[in-house]
Amino acid sequence: MTGPATGSGPARTTARRAPRDTGRHLLMGTVSVLWLVPLLWAVYTSLRSYGDTARHGYFSLPHRFGLGNFTDAWTQSGMPHFFLNSVLITVPAVLGTLLFSAAVAFFVTRFDFRLNLALLMLFTAGNLLPAQVLITPLYRLYLLVPLPPWMSDSLLLYNSAWGIIAIHIAYQCGFCTFVLSNYMKTIPKEISEAALVDGAQVWRQFFQIILPLCRPAFAALATLESIWIYNDFFWPLTLIETGDKRPITSALANLQGQYFTNPNLIAAGALMTAIPTLLVYFALQRQFVSGLTIGSGKG
């Protein structure tokens, strides 16, 4: 006679899976800690005074914590003014990017023609070029494009917020068009056909039917684009000459002197600069996650 079974099949499978799950959790925990170390170190540095770190070293235990660096960074860098500049650039750029990308995605997914795939590839290919490659011809182009006085005091696209908004929309449309086109493919075409039978024109289908159905994708893209455009430093640095017109990322440069730099002050300013992006993420967190995971279960 044979002895009793030492364990059932599901139990053995669970026993083999346990070490694998433990290793996966350890890896994810390690990566999370590594990502949090710079942020926690910035918080630790910003709460210490420069005199304390200069006297005892940056890796020493603090003798006193305070919020003086945050108040100094807020006043010395002119952060409210630069924050307003960032809002005036980020909000129109994000809205324009989503609108134009949605229009292109709607056209290539709802209408059948020969060049729809080529048009989608053309928009996507624009993101393959690094910004540093485009800056020289773009700079010369901005010096040749005139603007009316009410749009730019320089009378050119160069050194104006409109120029930064335009390049952000042009540069981000490729990625957003790719995401939105894939999302719109999951929407049944029968919805558009039924609306067409009821007499709805193309623009009405786009604004009243397709756009409301793309709300999760819009929330995910709005979160990503707000963070990317708000944190951008390269385009304003090269396409805006006047310092007062630059966004909040340029305000951190005002905290550095020619012969002296206070890292504690810069850490406090960097943390304050990151607060709006965190608020946007937490406000759209649920829609952001649903927009990233939708369609993942489709075959």
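Everything numeric in this text was worked out from a predicted model, so none of it was measured.

Colleague: With reference to specific residues and values, describe the overall build of the protein.
Modeller: Along the backbone of the protein there are 13 helices and zero strands. Walking the protein from its N terminus toward its C terminus, one meets helices and strands in the order α-α-α-α-α-α-α-α-α-α-α-α-α. Counting contacts in the protein only where the partners sit at least 6 residues apart, residues at least 24 apart contribute 72% of the total. For the protein, the exposed surface amounts to about 18500 Å²; the carbon and sulfur share of it is 69%.

Colleague: Explain the environment of Gly68 to me, and be specific about the residues and the numbers.
Modeller: As for its placement among the helices and strands, Gly68 is situated in helix H3 (residues 68–76). Taking the C-alpha atoms as reference points, Gly68 and Ala268, 200 residues apart in sequence, are found 9.2 Å from one another.

Colleague: Tell me what's going on with the pattern of salt bridges, and back it up with residues and numbers.
Modeller: A complete count under the given rule lists two salt bridges for this structure. Note that Arg48 and Asp52 form a salt bridge whose closest N and O atoms lie 3.5 Å from each other. Its relative accessible area of 1% is what places Arg48 among the buried residues. Two residues, Lys245 and Asp153, come together in a salt bridge whose shortest N-O distance is 2.4 Å. Taken together, the positions of Lys245 in the loop between helix H11 (234–239) and helix H12 (263–283) and Asp153 in the loop between helix H6 (131–142) and helix H7 (161–184) put the pair 92 residues apart, joining distant regions of the chain. Here Asp153 falls in the exposed class, since its relative accessible area comes to 60%.

Colleague: Account for the state of the cysteines, with residues named and values stated.
Modeller: Evaluated as defined, the whole model comprises zero disulfides. Among the cysteines around Cys176, which has no disulfide bond, Cys173 carries the closest sulfur, lying 6.8 Å off.

Colleague: So what's going on with the packing of H6 against H7? Which residues, and what values?
Modeller: Relative to each other, H6 and H7 sit at 140°, their axes nearing to 13 Å. Comparing their axes, H7 and H6 come out oblique. As H6 packs across H7, the resulting crossing turns out to be right-handed. From H6, Ala131, Leu134, Leu138 and Tyr142 reach across to H7, where they touch Gly163, Ala166, Ile167 and Tyr171. Taken together, the residues of the contact of H6 with H7 sort by class into seven nonpolar, one polar and no charged.

Colleague: Please provide a residue-by-residue account of the confidence of the model for the protein, values included.
Modeller: The predicted model of the protein averages 83 in pLDDT, with 88% of residues at 70 or higher. Ranking the elements of the protein by mean pLDDT puts helix H13 (residues 285–293) last with 67 and helix H4 (residues 79–110) first with 92. This model gives residues 295–299 a pLDDT under 50, and the stretch forms one contact once residues within four places in sequence are excluded.

Colleague: Help me get a handle on the nonpolar core, residues and values and all.
Modeller: Trp235 and Leu239 are the most contacted members of the largest nonpolar core, which has 37 residues in total. If you tally residues by element for this core, the top one is H7, at 10 residues. The residues touching Leu239, leaving out its near neighbours within four places in the chain, are Ile135, Leu138, Tyr139, Tyr142, Tyr158, Asn159, Ser160, Ile164 and Ile167. By size, the runner-up hydrophobic cluster in this structure holds 14 residues, among which are Met79, Phe82, Ile248 and Ile266.

Analysis parameters
- Residues numbered from 1 in each chain as written.
- Predicted model: local features only at pLDDT ≥ 70, side-chain atom pairs only at ≥ 80, totals over all residues.
- Heavy atoms only, no water.
- Helix = DSSP H or I, 4+ residues; strand = E, 2+ residues; numbered from the N terminus.
- Contact = heavy atoms within 4.5 Å.
- Areas by Shrake-Rupley, 256 points an atom, 1.4 Å probe, with all protein chains shown as cover.
- Salt bridge = Lys/Arg side-chain N within 4 Å of Asp/Glu carboxyl O.
- Buried < 20%, exposed > 50% of the residue type's maximum accessible area, 1.4 Å probe, protein only.
- Disulfide = S-S within 2.5 Å.
- Axes fitted to C-alpha atoms, helices over the stretch in contact; angles between N-to-C directions.
- Parallel < 35°, antiparallel > 145°, perpendicular 65-115°, else oblique.
- Left-handed = near helix turned anticlockwise from the far one by under 90°.
- Nonpolar A, V, L, I, M, F, W, Y, C, P; charged D, E, K, R; others polar.
- pLDDT = per-residue confidence, 0-100.
- Core = buried A, V, L, I, M, F, W, Y, C linked by side-chain atoms within 4.5 Å.

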